[in-house]
Amino acid sequence: MRSGVQRGAIAVVQVFGLAVWFSVSAVVPPLRQEWGISAAAAVWLTGSVQLGFVAGAVGSSLLNLADRIRPHLLLAASAALAAGWTLLLAGAVDGMAGAIPLRFMTGVCLAGVYPVGMKLMASWAPSRGRGLAMGLLIAALTVGSALPHLIGGFGELPWRAVLVAAAGTALLGALVAVTVVRPGPHLAASAGVHNPRYAVSMFRERGPRLANLGYFGHMWELYALWTWIPTFLLTSEAGRDLPASTGITVFVTIGIAGAIGCLLGGWGADRYGRSPAAVTALVISGACCALSPLAFDAGPVVLVVFCVVWGAAVIADSGVFSTSLSEAADPRFVGTALTAQTAIGFGLTVVSIQLVPLLAAAVGWRFAFLLLAPGPFIGAVAMRALGSRRAR
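Residues numbered from 1 in each chain as written. Predicted model: local features only at pLDDT ≥ 70, side-chain atom pairs only at ≥ 80, totals over all residues. Heavy atoms only, no water.

Asker: What am I meant to see in the overall build of the protein chain here?
Answerer: Secondary structure summary: the protein chain contains 17 helices and 0 strands in total. Principal-axis analysis of the C-alpha atoms places the extent of the protein chain at approximately 55 × 45 × 40 Å. Counting every position in the protein chain, which comprises 392 residues, the buried fraction comes to 58%. In the protein chain, the share of contacts with a sequence separation of at least 24, taken over all contacts with a separation of at least 6, comes to 85%. As presented, the protein chain carries roughly 14300 Å² of accessible surface, and 70% of it is formed by carbon and sulfur atoms. Averaging the positions of the 24 positive and the 13 negative side-chain charges in the protein chain gives two centres separated by 15 Å. (Helix = DSSP H or I, 4+ residues; strand = E, 2+ residues; numbered from the N terminus. Buried < 20%, exposed > 50% of the residue type's maximum accessible area, 1.4 Å probe, protein only. Contact = heavy atoms within 4.5 Å. Areas by Shrake-Rupley, 256 points an atom, 1.4 Å probe, with all protein chains shown as cover. Lys, Arg positive; Asp, Glu negative; His and termini not counted. Charge placed at Lys NZ, Arg CZ, Asp CG, Glu CD.)

Take a look at the structure:
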């Protein structure tokens, strides 16, 4: 009973705490108009968060913070600080010069929310049920990341109000973390030593190396899709005839479909094995990348169905990589391993997020997502190799 309450509380913290992640990305159109910025400049409203996350994750890995500080306290402090930076942006910023540093600092703080949440969730799940538990965590991440699109999709809220709402939600997450969440019994509670080299030395072992490679291919696709799917929809003839606003469609694609995909992926990882679940999701999302030019103008109903399938598949495997690494890494440094994995993966997202609009400028948005296809297919090869290794 207690493990169920704790898993639910950790998931709630992720939904609430990560609401600030895409809070600015969800209001890019009014910001571009009010601040007079180009699409290329607006990219950095998301890119700066990703870079901040990488910086925070690298620092956390080198200091072993996730293994040396009581994780629920680190989680609460990180969510509260991320909310604070977002509130400051909403109340005092009128241009890119002030927004970029604050978004960077938000990303730094989020490195103490997501990876620490993974460790806490793993601590409440035995190995046989850890896939579904991680799927629940990633489902919470998808809903939290998409929440600003939902907030802004109902009515025409001013962009500052959307940011304040997201920040207030993150503060609620911090409150839940400090009052309800506690570490569980299934992982070592603390490393007790300082070992910054483990973030690198884990790659010498074939199991962690393959699990990480699968994750990196997944990340090449994920955040670039999440960042640019609103533009993909808005520039499509079919997208202009969608039955709901773009914000609602994006929330359904990322939040609702993504959450369902995460739960199915976690269930599949426990039922059929980590590798088959990851390979299936990677192949489906890679196929969606390849077929995206055909869906671009296939009609509004087909486009929505296509986006829903893609939204479910692109995130369904995320918890599988975290689960695989938590089982393969040194149990004393699971928090460090997960944080290092996310640091490198989010570093890759900065590159793919930047490249997609460059390709779109050259060939049009119809073909822009073809750039993402190599990631999931490379990841599928790595995860198949990991499954073959475990079968021997």
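Asker: Quick question: what am I supposed to make of the nonpolar core here?
Answerer: Nonpolar side chains in soluble globular proteins generally cluster together in the buried interior. Of all hydrophobic cores here, the largest spans 126 residues; its most connected members are Trp-21, Leu-110, Tyr-223, Trp-226 and Phe-346. Looking at this core, the element that brings in the most residues is helix H11 (residues 206-235), giving 15 residues. Both of domain 1 (1-182) and domain 2 (198-391) provide at least three residues apiece to this core. Sequence-distant contacts of Trp-21, that is, excluding residues within four places in its chain, are made with Val-49, Gln-50, Phe-53, Arg-103, Leu-110, Tyr-223 and Phe-346. (Core = buried A, V, L, I, M, F, W, Y, C linked by side-chain atoms within 4.5 Å. Domains from an automatic or database assignment.)

Asker: What is the right way to read the pattern of salt bridges from this model?
Answerer: With the rule as written, the count across this model stands at 3 salt bridges. Across the pair Arg-160 and Asp-94 runs a salt bridge, and its minimum N-O distance is 2.6 Å. One end of the pair, Arg-160, is in helix H9 (residues 159-179); the other, Asp-94, is in the loop between helix H5 (71-92) and helix H6 (96-110), and 66 residues separate them in sequence. Given the relative accessible area of 59%, Asp-94 is considered exposed. (Salt bridge = Lys/Arg side-chain N within 4 Å of Asp/Glu carboxyl O.)

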